[in-house]
Amino acid sequence: MSATRAPLGLYIHWPYCRRICPYCDFNVYRARAYDTDLTDALIADLSGWAELAGARPLTSIHFGGGTPSLMSAPDVERVIDAAHRVFGLKSGAEIGLEANPAEADALPDLARAGINRMSVGVQSLRDDALKRLGRDHDAAKAAEAVRVAQKVVPRVSVDLIHTREGQSLADWEMELTEAIALGTGHVSAYQLTLEPGTAFARQAETGRLELPDGDAAADFQELTDQTLAAAGFTAYEISNHARTRQDRSVHNSLYWTGGDWIGIGPGAHSRLGCALDGGRLAAEARAKPGAYVSAVRETGRGSEAEVRLTAPEEFAERVLMGLRISEGIDRAALEDATGLALNSARIASLAQDRWINVTPRHVALTPQGRLLADRIGGELAEPG
Ligand SMILES: C[S@@+](CC[C@H](N)C(=O)[O-])C[C@H]1O[C@@H](n2cnc3c(N)ncnc32)[C@H](O)[C@@H]1O
Ligand code: SF4
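Quick caveat, the model's predicted, so the values are computed rather than measured.

Thresholds, definitions, all that
Counting restarts for each chain: residues are numbered from 1 in the order of the written sequence. Lettering of chains starts at A and numbering of ligands starts at 1, both following the order in which they are written. Selection of residues for local features in this predicted model requires a pLDDT of at least 70, selection of side-chain atom pairs for listing and counting requires 80 or more, and totals for whole chains, interfaces and linings are taken over all residues. Only hydrogens and water are set aside; all other atoms, that is, all heavy atoms of the structure, feed into the side-chain values. Under the scheme used here, helices are H or I runs from DSSP no shorter than 4 residues and strands are E runs no shorter than 2 residues, and both carry numbers assigned from the N terminus. Here a helix's expected span is defined as the number of its residues, less one, multiplied by 1.5 Å. Each residue's exposure class comes from its accessible area (1.4 Å probe, protein chains only) as a fraction of the maximum for that residue type: buried when under 20%, exposed when over 50%, partly exposed otherwise. Taken from the helix axis, the directions to the C-beta atoms give the arc we talk about. A contact between two residues is defined here by any heavy atoms of the two lying within 4.5 Å. We call a set of buried Ala, Val, Leu, Ile, Met, Phe, Trp, Tyr and Cys residues a nonpolar core when their side-chain atoms join them within 4.5 Å. Residues are counted as near a molecule or strand when any one of their heavy atoms sits within 4 Å of it. N or O atoms within 3.5 Å of each other form a polar contact, as long as, within protein, one can give a hydrogen and the other can take it, and as long as residues adjacent in sequence are counted only when both atoms are side-chain atoms. In the scheme used here, Gly and all other residues not listed as nonpolar or charged are polar, with Ala, Val, Leu, Ile, Met, Phe, Trp, Tyr, Cys and Pro taken as nonpolar and Asp, Glu, Lys and Arg as charged. When DSSP locates at least two bridges between a pair of strands, those strands are taken to pair. Each patch is built from residues lacking any salt bridge and having more than 30% relative accessible area; the joining distance is 9 Å for like charges and 5 Å for nonpolar side chains (Val, Leu, Ile, Met, Phe, Trp, Tyr). We get accessible surface area from the Shrake-Rupley algorithm with a probe of 1.4 Å; when it comes to residues, only the shown protein chains can shield them. A carboxyl oxygen of Asp or Glu within 4 Å of a side-chain nitrogen of Lys or Arg is what we treat as a salt bridge. Charged residues are defined here as Lys and Arg on the positive side and Asp and Glu on the negative side; His and the ends of the chain fall outside this count. To locate a charge, take NZ of a lysine, CZ of an arginine, CG of an aspartate or CD of a glutamate. In this analysis the probe radius is 1.4 Å and the grid spacing 1 Å, with only protein atoms considered; a cavity is a set of points the probe fits into but cannot get out of, a pocket is an open set with protein on both sides within 12 Å along at least five of seven lines, and lining residues have an atom within 4 Å of a point. Grid points are joined across faces, edges and corners, and a volume is the space filled by probe spheres set on the points. Each domain's limits were defined by an automated method or a database of domain assignments. Defined in terms of a 1.4 Å probe, buried area is the accessible area two parts forfeit on being brought together, summed over both.

Undergrad: What is the right way to read helix 6 (residues 169-181) from this model?
TA: Since there are 3.6 residues in each turn of an α-helix, residues three or four apart along the chain are aligned in direction. The first and last C-alpha atoms of helix 6 sit 18 Å apart over 13 residues, in line with the 18 Å expected at 1.5 Å per residue. Of all the residues in helix 6, the buried ones are W172, E175, L176, A179 and I180. The buried residues of helix 6 occupy an angular sector of 140° when projected down its axis, which confines them to one face. Those residues of helix 6 that are exposed and aimed more than 90 degrees away from the buried face are A170 and A181. Tucked into the core, helix 6 has its buried residues touching strand 6 (117-123), strand 7 (155-162) and helix 8 (214-230). With its phi angle positive at about 85°, G183 sits one or two positions after the end of helix 6.

Undergrad: Would you mind showing me how to read the nonpolar core here?
TA: One recurring pattern in soluble globular proteins: nonpolar side chains tend to sit buried together. Counting 67 residues, the largest nonpolar core has L10, L42, F63, I115, I264 and Y292 as the members making the most contacts within it. Non-local contacts of L42, meaning those with residues more than four positions away in its chain, are made with I12, W14, M71, V79, I264, G265 and Y292. In terms of nonpolar packing, the next biggest core, distinct from the first, is built from 16 residues, F315, L323, I356 and V363 among them.

Undergrad: Would you take a moment to explain the site of ligand 1 for this structure?
TA: For ligand 1, the set of nearby residues contains 17 residues, the closest of which are G66, N100, Q123, R135 and D159. Within the backbone of Y23, an N or O atom sits 3.0 Å from a nitrogen atom of ligand 1. Note that a nitrogen atom of ligand 1 is positioned 2.8 Å from one of the backbone N or O atoms of G66. A breakdown of the residues in the shell around ligand 1 according to their chemical character gives 5 nonpolar, 8 polar and 4 charged.

Undergrad: Before we go on, may I ask you to explain the sheet that holds strand 15 (residues 329-330) in this structure?
TA: Each strand in a sheet pairs with another by means of backbone hydrogen bonds, the pair being arranged parallel or else antiparallel. Pairing within the open sheet is antiparallel, and its 3 strands lie in the order 15-17-16. Strands with a single pairing partner mark the edges of an open sheet, and in this sheet they are strand 15 and strand 16 (356-358). In the sheet, strand 15 pairs with strand 17 (residues 362-365) via 2 bridges, with the strands oriented antiparallel. Bridge pairing in strand 17 links D330 to H362.

Undergrad: Hey, could you run me through a negative patch on the surface in this one?
TA: A contiguous patch of negative charge on the surface is contributed by D213, D215, D219 and E222. One can find D215 in helix 8.

Undergrad: Looking at this model, I keep getting lost on the layout of surface pockets. Mind explaining?
TA: Rolled over the atoms, a probe with the dimensions of a water molecule shows which regions are left empty. When its volume is computed, the second largest pocket comes out at roughly 190 Å³. D128, A129, R164, E165 and Q167 are, among the 15 residues lining the second largest pocket, the residues nearest its centre. Ranked by residues supplied to the lining of the second largest pocket, first place goes to helix 4 (residues 127-132) with 3 residues. Taken together, the residues of the lining of the second largest pocket sort by class into 6 nonpolar, 3 polar and 6 charged.

Undergrad: Is there a simple way to think about the pattern of salt bridges in this case?
TA: For the structure on display, the rule yields 23 salt bridges. D136 is the salt-bridge partner of R18, the closest N and O atoms lying 4.0 Å from each other. Taken as a pair, R18 in the loop between strand 2 (16-17) and strand 3 (29-30) and D136 in the loop between helix 4 and helix 5 (139-152) lie far apart in primary sequence, 118 residues in all. Using a relative accessible area of 42% as the deciding quantity, one classes R18 as partly exposed. Within this structure, R18, E103 and D136 form a network of salt bridges that share partners.

Undergrad: I'm lost on the domain arrangement of the chain in this one. Help?
TA: Buried accessible area, meaning the area lost when the parts come together, often serves as the stated size of an interface. When cut into domains, the chain gives domain 1 (8-254) and domain 2 (312-380). Placing a centre on the C-alpha atoms of domain 1 and another on those of domain 2 gives a separation of 27 Å. Approximately 800 Å² of surface area, both sides summed, lies buried where domain 1 meets domain 2, with 48% of it carried by carbon and sulfur atoms. On the domain 1 side of the interface with domain 2, the three residues burying the most area are Y236, E237 and I238, jointly 55% of the side's total. Along the contact surface separating domain 1 from domain 2 lie 4 salt bridges. We note a salt bridge from E327 to R248, for which the minimum N-O separation is 3.3 Å. Remark: the boundary between domain 1 and domain 2 carries 6 residue pairs in polar contact (both at pLDDT 80 or more). Per-class residue counts for the side of domain 1 that touches domain 2 are 4 nonpolar, 2 polar and 5 charged.

Undergrad: How should I be thinking about empty space enclosed by the protein in this particular structure?
TA: All told, the structure shown has 1 cavity of 30 Å³ or more when counted by the stated rule. Approximately 30 Å³ is the volume attributed to the largest cavity. R117, R155, V156, S157, G185, H186 and D247 together form the lining of the largest cavity. Top element by residues in the lining of the largest cavity is strand 7. It accounts for 3 residues.

Printed below as a string of structure tokens:
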């Protein structure tokens, strides 16, 4: 597909948080005074991308972080207006924002600024677990934020974390059932991962934190899938569950299907085009907010590194991402973009062991394969 006709998404990274959670390794900084320079830089960076991305209306905008619910509503509106002006928006485009429960009161203004989908960072509905996760809200506040979001935008998702220290399967089933009862159309349920360099990783190294082992993690994943399926949700991605197709995240689907997106804001990543169109462009913006703002002022762009991915690099990315979704890897799209094909001997052997389902169009993980997605992805990431 030619780059200028492919769908295009816009990601905006707001890197500030009230406090830094001990499990999080995203590009985040403690919020002190409001950063009044960042929005101007975001808008200038966005304009700088227009030539590279080609004139095409956006299918989605996503405010992520960090905590973008700490952005002022006028700043959110200015960024959305700039996106309209520079690229235009497809009718019905998804405009999503990650909302922390502590900002429940700000959500109506953010909706008025143009946000039409919110994912609320509930994480848990157990107060002791929220404390251990270092969160600045309790379960009642999280549920209140979900209710506020449901009043002000048509599409709401709940983010949860499972496989926590001391968590039992029986209590997780109850907690997840309570989360489902909040009535959102979308639930993201992530397994708690120990990310290098985080406080939790250090605690685990010194025995102050003990998470359930690998077998238990698989049990949590299975129970999560079963409980959500029984409530009518489809696991359209390993951690993402939607009641209907319309409830699925349009923006995240771009990441999983090898789509194009521009990322603006400190540390944001971008991907444009494909290997057969001269190399897929992979860019990463400067991580520190001050350095990002200075780079945009000096050069009109926030990128620190811009490279063209080789066909095998793009192949590996598409395979690892495509395996995450229920439809699986679109084999024709993979070959069209990279000129490379999956290794047929490896596919046959993984299919025989029931890790993957294979059709002429797709290669997808089986339910048991989903529990070993990374390992299977590693095996398929080298072309045949
Ligand atoms: C980067 S956060 C941004 C959202 C928002 N700041 C919040 O905390 O709710 C996006 C989501 O990633 C998930 N997440 C972050 N670190 C994680 C980890 N180490 N393990 C599992 N999930 C994680 C959380 O569920 C969180 O809602
Ligand atoms: S989980 Fe959310 S609130 Fe916590 S540090 Fe990461 S981005 Fe910030």
